[in-house]
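Listed below are the residues making up each chain.
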Amino acid sequence: MQRVTLRTAVAADQKPLEALQWRASLSNPADREALLAHPEAIELPLQHIESGHVFVAEGGGAIKGYATIVPRQNGHCELDALFVQPHNWRQGIGRHLVEYCCSQAKAAGATELHVVGNPHAQVFYEATGFVALGTRKMRFGIGLLMKRCLL
Ligand SMILES: CC(C)(COP(=O)(O)OP(=O)(O)OC[C@H]1O[C@@H](n2cnc3c(N)ncnc32)[C@H](O)[C@@H]1OP(=O)(O)O)[C@@H](O)C(=O)NCCC(=O)NCCS
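Asks: Whenever I open this one, the packing of aromatic side chains confuses me. Can you help?
Replies: Geometrically, a pair of aromatic rings is defined through the distance of the ring centres and the angle of the planes. Applying the stated criterion across every chain, the model contains 4 aromatic pairs. For the pair Tyr66 and Phe83, a centre-to-centre distance of 5.8 Å together with 40° between the ring planes defines the contact as tilted. One end of the pair, Tyr66, is in strand 3 (residues 62-71); the other, Phe83, is in strand 4 (residues 77-84), with 17 residues separating them in the sequence. Taken as a pair, Tyr66 and Phe83 share a single burial class, namely buried. Where Phe124 meets Tyr125, the ring centres are 5.2 Å apart and the plane angle is 70°; that geometry is what we call edge-to-face. Residue classification places Tyr125 among the buried residues on the basis of a relative accessible area of 7%. One aromatic cluster is present, formed by Phe124, Tyr125 and Phe130 through successive ring pairs.

Next comes the structure, spelled out in structure tokens:
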């Protein structure tokens, strides 16, 4: 497993994290064409960073990935973004980010972490403790509704 540390994102991270999101998203062949046609779909809202819910994974002085959680009205949390640098995939960084998001969501009082997952990431989410609840039609295809219990 790649050694990484986690920290809360700051405003100066916005552009580097959007660039990372761009690289990670384009590495999914099924999404590539739609994203190249709609580059505006790649964004990390500054409000998410300012809310203190964006977490950055760093190792060897470089950003390796990031994740965002968004509290829901019902007290649960949503994993709103999760991206790892493509050349760092399969090194345990995504799992590390999920565990960190779970601990942060739990500390905020949530008992469930939900995600609308990209189908290509289904195996990853299952491996990190999420169970499938159903599907939802999204802008560029089908999203997998999944949740992880935090109790
Ligand atoms: C999905 C993503 C975040 C996974 O990050 P990662 O750092 O590569 O994941 P990890 O190394 O922590 O993988 C944890 C486990 O998930 C499973 N897994 C992860 N990627 C997998 C793959 N491509 N195929 C099969 N299993 C996979 C494995 O069980 C893995 O454990 P192992 O390597 O010990 O076998 C990363 O591939 C990514 O950024 N993808 C593009 C963006 C994206 O689709 N994000 C999700 C949006 S919903």
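Asks: Sorry if this is basic, but what is going on with the site of the ligand here?
Replies: Of all residues adjacent to the ligand, which total 19 residues, the nearest are Leu82, Arg90, Gly94, Arg95 and His120. Asn28 places a side-chain nitrogen or oxygen 3.4 Å from an oxygen atom of the ligand. Within the side chain of Trp89, an N or O atom sits 3.4 Å from an oxygen atom of the ligand. When the ligand sits alone it has 920 Å² of accessible area, and the protein chains cover 75% of it. Counting only elements with at least two residues in the shell around the ligand, the list comes to strand 4, helix 4 (93-107) and helix 5 (122-127). Broken down by element, the shell around the ligand gets its largest block of residues, 4 residues, from helix 5.

Asks: Where do I start with the pattern of salt bridges in this structure?
Replies: Here the idea is simple: oppositely charged side chains can pair when their charged atoms come close. If you walk through the whole model with that rule in mind, you get 7 salt bridges. Glu18 is the salt-bridge partner of Lys15, the closest N and O atoms lying 3.2 Å from each other. Of this pair, Lys15 and Glu18 are both found in helix 1 (residues 14-26), 3 residues apart, which corresponds to roughly one turn of the helix. A residue is classified by how much of its surface remains accessible, and Lys15, at 57% relative accessible area, is exposed. Beyond isolated ion pairs, a larger network of salt bridges with shared partners links Arg7, Asp13 and Glu58.

Rules and cut-offs
Here, residues in each chain are numbered from 1, in the same order as that chain's written sequence. For this predicted model, a pLDDT threshold of at least 70 governs which residues receive local features, and a threshold of 80 or more governs which side-chain atom pairs are given and counted, while totals over whole chains, interfaces and linings are taken from all residues. Hydrogens and water molecules were not included; the side-chain quantities draw on all heavy atoms of the structure. Planes of paired rings set the category: under 30 degrees apart is stacked, over 60 is edge-to-face and the rest tilted, where pairs are Phe, Tyr or Trp rings (Trp by its six-membered ring) whose centres lie within 6.5 Å. What counts as a helix is a DSSP run of H or I of at least four residues, what counts as a strand is a run of E of at least two, and both are numbered from the N terminus. Any residue under 20% of the maximum accessible area for its type is buried, any over 50% is exposed, and the rest in between are partly exposed; the area is computed with a 1.4 Å probe on protein chains only. The cutoff for a nearby residue is simple: one of its non-hydrogen atoms must lie within 4 Å of the molecule or strand. We define a polar contact as two N or O atoms separated by no more than 3.5 Å, with the added condition that, inside protein, one atom must be a possible hydrogen donor and the other a possible acceptor, whereas residues neighbouring each other in sequence contribute only through side-chain atom pairs. Areas reported as accessible are Shrake-Rupley estimates using a 1.4 Å probe. Residue values count occlusion only from the protein chains shown. Any Lys or Arg side-chain nitrogen located within 4 Å of an Asp or Glu carboxyl oxygen qualifies as a salt bridge.

Note that all results are geometric; they support no functional claim without further evidence.
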